[in-house]
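# Coordinates in review
The residues making up each chain are set out below.
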Amino acid sequence: MLSGKPTPNITYNQQCDTYAWFSQRAWVEIDLGALSHNIQQIVQFLSPRTQLMAVVKADAYGHGAITVAQTALQSGASWLGVATVPEGIQLREAGINAPILILGATHTPEQIHAIAQWELQPTLCSPKQALIFSNVLETIQQDSPIPVHIKLDTGMSRLGTNWQQAAEFVQLVQRLPHLVIKSIYSHLATADSPDTTMMQEQHRRFEEAIAQIKAMGIKIPCLHLANSAATLTDSALHYDIVRVGLAVYGLYPATHLQNLIKLKPVLQLKARVTQVKTIAPGTGVSYSHQFIAHKQLRLAVVGIGYADGVPRSLSNNLQVLIRGQRVPQIGTITMDQLMLDVSAFPDLQEGEVVTLLGEQGNEQISADDWAEKLNTISWEILCGFKHRLPRVAVM
Ligand SMILES: *Cc1c(COP(=O)(O)O)cnc(C)c1O
């Protein structure tokens, strides 16, 4: 959730702003203008037949689900995707009426009651789950059937019924009371790879399943297959809805998919300098003295650490931006604080803003840069910022 007072859009040469000095030691800044821009870019990239589902699971990839969902819907998205029932309820409680697909599995009577009560739309992955849904809904005397989304496994080997059993599964769900099939969908395993062989095979399997379902005289209202990477790769994968997460947040799922549309990163990670001091040559810095000053240097303490989501494994291998320039982090990153070598700025003030992810002047540090250092993907970086950090919306 976005919280805290909105700050003005702080730029690197307006630091030490009189506004709320030190009121936040560290925060995640969410650029709603960039978010809106990304949604519009994606919508323009789609044919008019295809709707955009903004995937806002995991608190909108760490950006704050409610504000992201509201902005996405205002900017052209028409569906929302979440992973869990509580994520869906959170959006409904905020007054969001758009259709919400729960991408994860749900089974328990409590989950099914909540789905009916909050008008969320579940994913059905197996005949057993479909029977549980129908039975539980029977007991709550739901007037109208609930819309469900049939999930096929075409090669991801995650949720879903094997595509070869798709027709049987769809036929079963069709016959069950209290359920109405809203869509049939699948998920791609390798859409971010420049080698599209496996993706094309999954596409073929999906088409084959759909053909079999159609051959049984079953009318399918809606189909969807594409995540961000598939959306950017091939319009043949768009169908009726695309389920886009990463690109909404302004990052590209793969380097070869850049330049197709212009996306702007939505998230910036910022913190303040809390103390500045000079240390003598030979002085050790932070736990275990993993950094020793080889000369006299200016050291800045910054109020952010691994408990906020700055991975400790980036210690001594991280740069941040101050006044539009890259500055090295030194010593072990601690739970709530980290240190910088700020010798380049003898006049650096306590309270100045440090950008860990984002842009200052001509310099930029992206989640992709961190992901590369950490041997992971930008998705995991975005999801890694803890709730101790307020999400502050800026325009
Ligand atoms: C998370 C998710 C998406 C979005 O993936 P991105 O790569 O972030 O676009 C789409 N579909 C399903 C089923 C997902 O779980």
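Counting from 1, residues in each chain are numbered in the order their sequence is written. Local features in this predicted model are restricted to residues whose pLDDT is 70 or higher, and side-chain atom pairs enter the listing and the counts only when it is 80 or higher, whereas totals over whole chains, interfaces and linings include all residues. Hydrogen atoms and water are omitted, and side-chain values are computed over all heavy atoms in the structure.

## Here's the deal with the site of the ligand
Note the following rule: Any residue with at least one heavy atom within 4 Å of a molecule or strand is counted as near it. A 3.5 Å cut-off defines polar contacts: any pair of N or O atoms within that distance qualifies, except that in protein one atom must be a possible hydrogen donor and the other a possible acceptor, and neighbouring residues in sequence count only when both atoms are side-chain atoms. To be clear on the numbers: accessible area is Shrake-Rupley with a 1.4 Å probe, and residue cover counts the displayed protein chains and nothing else. Every helix listed is a DSSP run of H or I at least four residues long, and every strand listed is a run of E at least two residues long, numbered separately from the N terminus. Residue classes follow a fixed rule: Ala, Val, Leu, Ile, Met, Phe, Trp, Tyr, Cys and Pro count as nonpolar, while Asp, Glu, Lys and Arg count as charged, and any other residue, Gly among them, counts as polar.
Not every one of the 13 residues close to the ligand is listed here, only the nearest: Lys57, Tyr61, Ser228, Gly245 and Leu246. Contact distances for the ligand include 2.7 Å between an oxygen atom and a side-chain N or O atom of Lys57. Contacts to the ligand include Trp379, whose side-chain N or O atom sits 2.9 Å from an oxygen atom. Against a free-state accessible area of 390 Å², the protein chains account for coverage of 93% of the ligand. Broken down by secondary-structure element, the contributors of at least two residues to the shell around the ligand are helix 2 (57-62) and strand 10 (241-244). Classifying every residue of the shell around the ligand by side-chain character gives six nonpolar, four polar and three charged.

## Let's talk about the packing of helix 1 (residues 32-45) against helix 3 (residues 65-75)
Filter applied, for reference: The axes used here are C-alpha line fits, helices contributing only the stretch in contact, and every angle between their N-to-C directions lies in the interval 0 to 180 degrees. For classification, angles of less than 35 degrees are called roughly parallel, those exceeding 145 degrees roughly antiparallel, those between 65 and 115 degrees roughly perpendicular, and all remaining angles oblique. Note on convention: the crossing is left-handed when the near helix lies turned anticlockwise from the far helix by less than a right angle, right-handed when the turn is clockwise. The contact criterion used is simple: two residues touch if any of their non-hydrogen atoms lie within 4.5 Å.
Between helix 1 and helix 3, the least distance of the axes is 9 Å, while the angle of their chain directions is 45 degrees. One finds that helix 1 runs oblique with respect to helix 3. Helix 3 is crossed by helix 1, and the crossing has right-handed handedness. Across from Leu32, Leu35, Ser36, Ile39 and Gln40 in helix 1, the residues of helix 3 making contact are Thr67, Val68, Thr71, Ala72 and Ser75.

## Overview of the UniProt feature "modified residue: N6-(pyridoxal phosphate)lysine" (unreviewed entry) in the chain
Which entries qualify depends on this criterion: UniProt positions are given in the numbering used here, feature names are shortened, and annotations may be inferred rather than shown by experiment. Each residue's exposure class comes from its accessible area (1.4 Å probe, protein chains only) as a fraction of the maximum for that residue type: buried when under 20%, exposed when over 50%, partly exposed otherwise.
Following the UniProt record, the feature "modified residue: N6-(pyridoxal phosphate)lysine" (unreviewed entry) maps to Lys57 here. The class for Lys57 is partly exposed, based on a relative accessible area of 28%. Non-local contacts of Lys57, meaning those with residues more than four positions away in its chain, are made with Gly81, Val82, Ala83, Glu87 and Leu103.

## Here's the deal with the pairing of strand 1 (residues 26-31)
For clarity, the cut-off: One requirement defines pairing of two strands: DSSP has to find at least two bridges between them.
Of all six residues in strand 1, five are buried; the element is thus mostly enclosed. In this sheet, strand 11 (residues 267-279) lies alongside strand 1 in antiparallel orientation, the contact comprising five bridges. By the bridge assignment, Ile30 is partnered in strand 11 with Leu267. Judged from the four bridges that link them, strand 1 and strand 20 (residues 391-394) form a sheet pairing that is parallel. Paired with Ile30 across the strands is Ala393, a residue of strand 20.

## Observations concerning helix 3
Counted residue by residue, helix 3 has eight buried out of eleven residues, so it is predominantly covered. For helix 3, the set of buried residues is Ala65, Ile66, Thr67, Val68, Ala69, Thr71, Ala72 and Ser75. Taken from the residues just after helix 3, Gly76 is the one with a positive phi, measuring 130 degrees.

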